[in-house]
Amino acid sequence: MEHDVIKTNLLAIAAAGLLILFTGIFLYLLRDHISKNSRFFMPIPALGVAAYIFAFNMFRHYNGKMPRTTAMALREIALSTAVAGIVFSVFVTLLVLIIGIINK
């Protein structure tokens, strides 16, 4: 079991690294457009780490394998994305309100 967890963790790290590499190259090619909208760029690295953690935990939950069906995997991903989006929205809203109040 421990061997499977280590294998899953290493594969998740390697895959996340490749995805971050390709995303970085893509973003570099669009750097002129991104520089005008840098405030939207800031969450991308943290979201990459969150995706790695989610994928690792999902595989660990299913003992190193994919869920039984594709629909089951997609449901978990969609639910996780919805929860993370809601939490992100609440945090951003509260931070904007708190900082706005403090800055007055």
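Look up a bit, the structure's there.
Please read all numbers here as calculations on a predicted model, not as lab measurements.

Caption draft 1: Representation of the overall build of the protein chain in the model. When helices and strands are tallied, the protein chain shows five helices and zero strands. Mapped in sequence order, the helices and strands of the protein chain form the string α-α-α-α-α. Against the globule reference of 13 Å for 104 residues, the protein chain gives a C-alpha radius of gyration of 18 Å, more extended than a compact globule. Along the three orthogonal principal directions, the C-alpha set of the protein chain runs to about 55 × 30 × 25 Å. For the protein chain, with 104 residues in total, the buried portion stands at 10%.

Caption draft 2: Main features of the packing of aromatic side chains. Scanning all chains against the criterion turns up zero aromatic pairs. In this structure, Arg-31 is placed above the aromatic ring of Tyr-28, and the distance from its NZ or CZ to the ring centre is 4.2 Å.

Caption draft 3: Structural detail: the packing of helix α4 (residues 43-61) against helix α5 (residues 70-103). Their axes nearest at 12 Å, the elements α4 and α5 cross at an angle of 140°. With respect to α5, the axis of α4 lies oblique. The handedness of the crossing between α4 and α5 comes out as right-handed. In this structure, α4 contributes Pro-43, Phe-54 and Met-58 to the contact, and α5 contributes Glu-76, Ile-77, Ser-80 and Phe-88.

Caption draft 4: Looking closely at α4. Taking 1.5 Å per residue, 19 residues should reach 27 Å; α4 reaches 26 Å between its end C-alpha atoms and fits that length. In the segment just after α4, Asn-63 is the residue with positive phi, at about 55°.

Caption draft 5: Here's a closer look at a nonpolar patch on the surface. Taken together, the side chains of Leu-79, Val-83, Ile-86, Val-87, Val-90, Phe-91, Leu-94, Leu-97, Ile-98, Ile-101 and Ile-102 define a hydrophobic patch exposed on the protein surface, amounting to about 1100 Å² of accessible area. Tracing the backbone through its elements, the reader meets Leu-97 in helix α5. Classification of Leu-97 by relative accessible area gives partly exposed; the value is 48%.

Caption draft 6: Here's a closer look at the layout of surface pockets. Of the volumes computed, that of the largest pocket is approximately 330 Å³. Every residue lining the largest pocket is counted, 15 residues in all, and those nearest its centre are Ala-16, Leu-19, Ile-20, Thr-23 and Gly-48. At the level of elements, α1 (2-29) and α4 are the ones that each hand at least two residues to the lining of the largest pocket. It is α1 that contributes the most residues to the lining of the largest pocket, eight residues altogether. Split by residue class, the lining of the largest pocket holds 12 nonpolar, three polar and no charged. In terms of lining, the second largest pocket is formed by Leu-47, Ala-50, Ala-51, Phe-54, Ile-77, Ser-80, Thr-81 and Ala-84. Listed by contribution, the elements that provide at least two residues to the lining of the second largest pocket are α4 and α5. By residue class, the composition of the lining of the second largest pocket is six nonpolar, two polar and no charged.

Reading guide: rules and limits
Throughout, residues of each chain are indexed from 1 in the direction in which the sequence is written. Side-chain atom pairs in this predicted model are given and counted only at pLDDT of 80 or more, local residue features only at pLDDT of at least 70, and totals for whole chains, interfaces and linings cover all residues. In computing side-chain values, all of the structure's heavy atoms are included and hydrogens and water are not. By definition, any uninterrupted DSSP run of H or I lasting at least four residues is a helix, any uninterrupted run of E lasting at least two residues is a strand, and each is numbered from the N terminus. In this description the radius of gyration comes from C-alpha coordinates, and the expected globular size is given by 2.2 Å times residues to the power 0.38. Working definition: with a 1.4 Å probe on protein chains only, accessible area under 20% of the residue-type maximum means buried, over 50% means exposed, and in between means partly exposed. Any pair of Phe, Tyr and Trp rings, taking the six-membered ring for Trp, is counted once the centres come within 6.5 Å. Such a pair is stacked with planes under 30 degrees apart, edge-to-face with planes over 60 apart, and tilted for the rest. Lysine NZ or arginine CZ positioned within 6 Å of the ring centre and within 35 degrees of the ring normal marks a charge as sitting over the ring. Only C-alpha atoms enter the line fits that serve as axes; for helices the fit covers just the stretch in contact. Angles between N-to-C directions range over 0 to 180 degrees. Roughly parallel means an angle under 35 degrees; roughly antiparallel means over 145; roughly perpendicular covers 65 to 115; every other angle is labelled oblique. Crossings are assigned a handedness: left-handed for a near helix turned anticlockwise from the far helix by less than a right angle, right-handed for a clockwise turn. Two residues qualify as a contact provided that any one of their heavy atoms is within 4.5 Å of a heavy atom in the partner residue. Given a helix with a known number of residues, its expected span is that number minus one, times 1.5 Å. Here the term patch refers to residues with relative accessible area over 30% and no salt bridge, with like charges joined within 9 Å and nonpolar side chains (Val, Leu, Ile, Met, Phe, Trp, Tyr) within 5 Å. Note on areas: these come from Shrake-Rupley sampling with a 1.4 Å probe, and a residue is covered only by the protein chains present in the view. Between Lys or Arg on one side and Asp or Glu on the other, a salt bridge is scored when a side-chain nitrogen of the former is within 4 Å of a carboxyl oxygen of the latter. Here the term cavity refers to a set of points on a 1 Å grid, laid over the protein atoms alone, in which a 1.4 Å probe fits but cannot get out; the term pocket refers to an open set having protein on both sides within 12 Å along at least five of seven lines, with lining residues being those that place an atom within 4 Å of a point. Grid points are joined across faces, edges and corners, and a volume is the space filled by probe spheres set on the points. Polarity classes work like this: nonpolar for Ala, Val, Leu, Ile, Met, Phe, Trp, Tyr, Cys and Pro, charged for Asp, Glu, Lys and Arg, and polar for all others, with Gly in that last group.

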